[in-house]
Amino acid sequence: MKRIGLFCGGLSSEFSISILSANTIQSHFPAEFEVVKIVVSTNGWFAEVNEEQLPFDLNSFSYSLHGADQTIDAGLIYIHGNPGENGKIQALLEMKGIPYINSGPLASALSFDKWYCNQFLRAFDIPVAKSIFLTSVSEKSNEEIVQALGLPIFVKPSDSGSSYGISKVKEASELNAALETAFKEGKTVVLESFLDGIEVTCGVYGTKNGLIALPLTEIASENEFFDYDAKYNGNSQEITPARISEDLAQKVQDRAKKIYQLLQLRSIARIDFMIVNNEPFVIEVNTLFGCPSKQMLTCSHGHACGLNSVAFVVRHGGNELGKPREFVPSRCGIDQQRCIAFEH
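Everything quoted here is computed from the prediction, not taken from an experiment.

A few points about the overall build of the chain
Here comes step 1: Summing up its helical and strand segments, the chain has 11 helices and 17 strands in all.
Here comes step 2: In the chain, which comprises 344 residues, the proportion classed as buried is 56%.
Here comes step 3: Surface accessibility of the chain: about 15,000 Å² in total, with carbon and sulfur atoms responsible for 47%.

As structure tokens, this is what we get:
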């Protein structure tokens, strides 16, 4: 039986979301695999076995159980934020020669940083919001910021996710407080002009026969924007397929696949857009996304073929490991007929 090291937790405010995501994945993972959570925290790295936390050795990537060293055969990184989503653990695994089910170190690091990712995509004529990059609260005056971007303005930590530290600023007087909040979550901050349109998200994954873009999900937040409560506490509607024309949906899907290729992503990614006057602007690229409940992927993933979302990750993660028969289970845990669409 192959042992998968499921890396979770992390060193950011997203620790709890990562643990919830890992619990979901572990509890629904196909029985052909042994899944061991590797909890990363400020107190150290620990393998969680039978509710006991055992020290995890970063030199050997193993832990000791009943006096015997236990190694992992492959890794699945589900740390939202540092040191997982930003590619650091991926780099460690590559140095150790251990396969993993995620995008690589460079792709992960680039897509994780909102500012650098959007500037990279802008160079390839992918539409993004106007933005300003800051390394301190006092780097630019409120007047300079408002003159460049107008109002409202989104203030975001460049290197954080799950909407921690993000504010929608409607008045210039609110900027300083928003910047201070953002800088508590990240070392750098990006300010973006407001895009007034329809928010959609598109899942993309790779197969041996090419890229597949899933049906679009429309995000209708009950809050000011798709914040933490909207994402994880049900304060939003996720409508699949999105209520847009087929031609426009195809345009978004084609753009999502182009972004996937430009960033050299692997496995599964979710790319968020705001459609303004029939033009899809990229908001964010996600190589990992929270799954605190069984519906771990956005509706576009879960509804595409009715496939259990954990099986989805495993099946296509196996392709990325280059061992589709060895790492991909023959069953999905549901009616086999519903898996036919995934036999690419």
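The rest of the description comes next.
Description of helix α6 (residues 175-183)
Here comes step 1: Of the positions making up α6, those classed as buried are Leu175, Ala178, Leu179, Ala182 and Phe183. Here the buried residues of α6 occupy an arc of 130 degrees about the axis, which is enough to place them on one side.
Here comes step 2: Lining the buried residues of α6 we find β8 (131-134), α5 (142-149), β9 (153-157), β10 (167-169) and β11 (189-193).

What about the sheet that holds β8?
Here comes step 1: What the four strands build is an open sheet, ordered β8-β11-β9-β10; its pairing is antiparallel. The sheet is open, and its two borders are formed by β8 and β10, each paired with just one other strand. Neighbour-to-neighbour, the strand axes of this sheet turn through a mean angle of 20 degrees, independent of strand direction.
Here comes step 2: Examined bridge by bridge, β9 and β11 share five bridges and lie antiparallel to one another. Looking at β11, one finds that Val155 is bridged to Leu191.
Here comes step 3: Lying on the sheet, helix α4 (residues 114-122) is in contact with β8, β9 and β11; it crosses β8 at an angle near 135 degrees.
Here comes step 4: Running at roughly 25 degrees to β9, α6 makes contact with β8, β9, β10 and β11 of the sheet.

Describing the pattern of salt bridges
Here comes step 1: The full count for this structure, using the stated rule, is seven salt bridges.
Here comes step 2: Arg243 serves as the salt-bridge partner of Glu218, at 2.7 Å between the closest nitrogen and oxygen. Taken together, the positions of Glu218 in strand β14 (residues 217-221) and Arg243 in the loop between β15 (236-239) and α8 (246-262) put the pair 25 residues apart, joining distant regions of the chain.
Here comes step 3: Connected through shared salt-bridge partners, Lys251, Arg255 and Glu279 make up one network.

Notes on the packing of aromatic side chains
Here comes step 1: Taken as a whole and judged by the stated rule, the model has nine aromatic pairs.
Here comes step 2: Ring plane angle 80 degrees and centroid distance 5.4 Å describe the contact between Phe56 and Phe61, whose orientation is recorded as edge-to-face. Take Phe56 and Phe61: they sit in the same class, and that class is buried.
Here comes step 3: Here a set of aromatic residues connected by ring pairs shows up, and it is made of Phe7, Trp45, Phe56 and Phe61.
Here comes step 4: Looking at Lys156, its charged tip hangs above the ring of Phe154, at a distance of 5.9 Å from the centre.

Some thoughts on helix α3 (residues 105-112)
Here comes step 1: Buried residues of α3: Ala107, Ser108, Leu110, Ser111 and Phe112, and no others.
Here comes step 2: Those residues of α3 hidden inside the fold are in contact with α2 (88-96), α4 and β17 (279-286).

So, the pairing of β9
Here comes step 1: Counting buried positions along β9 gives five out of five residues, so the element sits mostly inside the fold.
Here comes step 2: Along β9, one buried face is formed by Ile153, Val155 and Pro157 and the opposite face, lined by Phe154 and Lys156, is buried too.
Here comes step 3: The pairing of β9 with β10 spans three bridges and is antiparallel. From the neighbouring strand, Ile153 faces β10, where its bridge partner is Val169.

Details of the sheet that holds strand β6 (residues 68-71)
Here comes step 1: If you trace the seven strands from one edge of the open sheet to the other, you get β6-β5-β4-β3-β2-β1-β7, paired in mixed fashion. Bordering the open sheet on either side are β6 and β7 (74-77), each of which pairs with just one other strand. Between one strand axis and the next, the sheet turns through 35 degrees on average, direction left out of account.
Here comes step 2: Examined bridge by bridge, strand β4 (residues 52-57) and strand β5 (residues 62-65) share two bridges and lie antiparallel to one another. By the bridge assignment for β5, Phe56 is matched with Tyr63.
Here comes step 3: Across the sheet, α2 touches β1 (2-9), β2 (33-41), β3 (44-49) and β7, and the angle it forms with β7 is around 175 degrees.

Focus: the environment of Val276
Here comes step 1: Tracing the backbone through its elements, the reader meets Val276 in strand β16 (residues 268-276).
Here comes step 2: The class of Val276 is buried, set by a relative accessible area of 17%.
Here comes step 3: As for Val276 and Gly197, which are separated by 79 residues in sequence, their C-alpha atoms are 4.7 Å apart.
Here comes step 4: Sequence-distant contacts of Val276, defined by excluding residues within four places in its chain, comprise Leu195, Asp196, Gly197 and Phe281.

A look at the pairing of β2
Here comes step 1: The element β2 is largely enclosed, with a buried count of eight among its nine residues.
Here comes step 2: Considered for its hand, the β-α-β crossover made up of β1, helix α1 (residues 15-28) and β2 is right-handed.
Here comes step 3: The pairing of β2 with β3 spans five bridges and is antiparallel. Bridged to Lys37 within β3 is Glu48.

Here's the deal with the nonpolar core
Here comes step 1: Among the nonpolar cores identified, the biggest contains 27 residues, and Leu121, Leu216, Ile259, Leu263, Phe273, Val282 and Val285 are the most heavily contacted of them.
Here comes step 2: Secondary structure elements with two or more residues in this core: α3, α4, β12 (198-207), α8, β16 and β17.
Here comes step 3: Among the elements that take part in this core, α8 stands out by supplying six residues, more than any other.
Here comes step 4: In this view, Val282 contacts Asn118, Leu121, Ile126, Pro127, Val128, Ile259, Asp272 and Phe273; residues no more than four positions away in its chain are not counted.
Here comes step 5: Of all hydrophobic cores here, the second largest spans 19 residues; its members include Ala22, Ile25, Ala74 and Leu76.

Cut-off values and rules
- Residues numbered from 1 in each chain as written.
- Predicted model: local features only at pLDDT ≥ 70, side-chain atom pairs only at ≥ 80, totals over all residues.
- Heavy atoms only, no water.
- Helix = DSSP H or I, 4+ residues; strand = E, 2+ residues; numbered from the N terminus.
- Buried < 20%, exposed > 50% of the residue type's maximum accessible area, 1.4 Å probe, protein only.
- Areas by Shrake-Rupley, 256 points an atom, 1.4 Å probe, with all protein chains shown as cover.
- Arc of directions from axis to C-beta.
- Contact = heavy atoms within 4.5 Å.
- Pairing = 2+ DSSP bridges.
- Axes fitted to C-alpha atoms, helices over the stretch in contact; angles between N-to-C directions.
- Salt bridge = Lys/Arg side-chain N within 4 Å of Asp/Glu carboxyl O.
- Phe/Tyr/Trp six-rings, centres within 6.5 Å; stacked < 30°, edge-to-face > 60°.
- Lys NZ or Arg CZ within 6 Å of the ring centre and 35° of its normal.
- Right-handed = clockwise from strand over helix to strand, strands pointing away.
- Core = buried A, V, L, I, M, F, W, Y, C linked by side-chain atoms within 4.5 Å.

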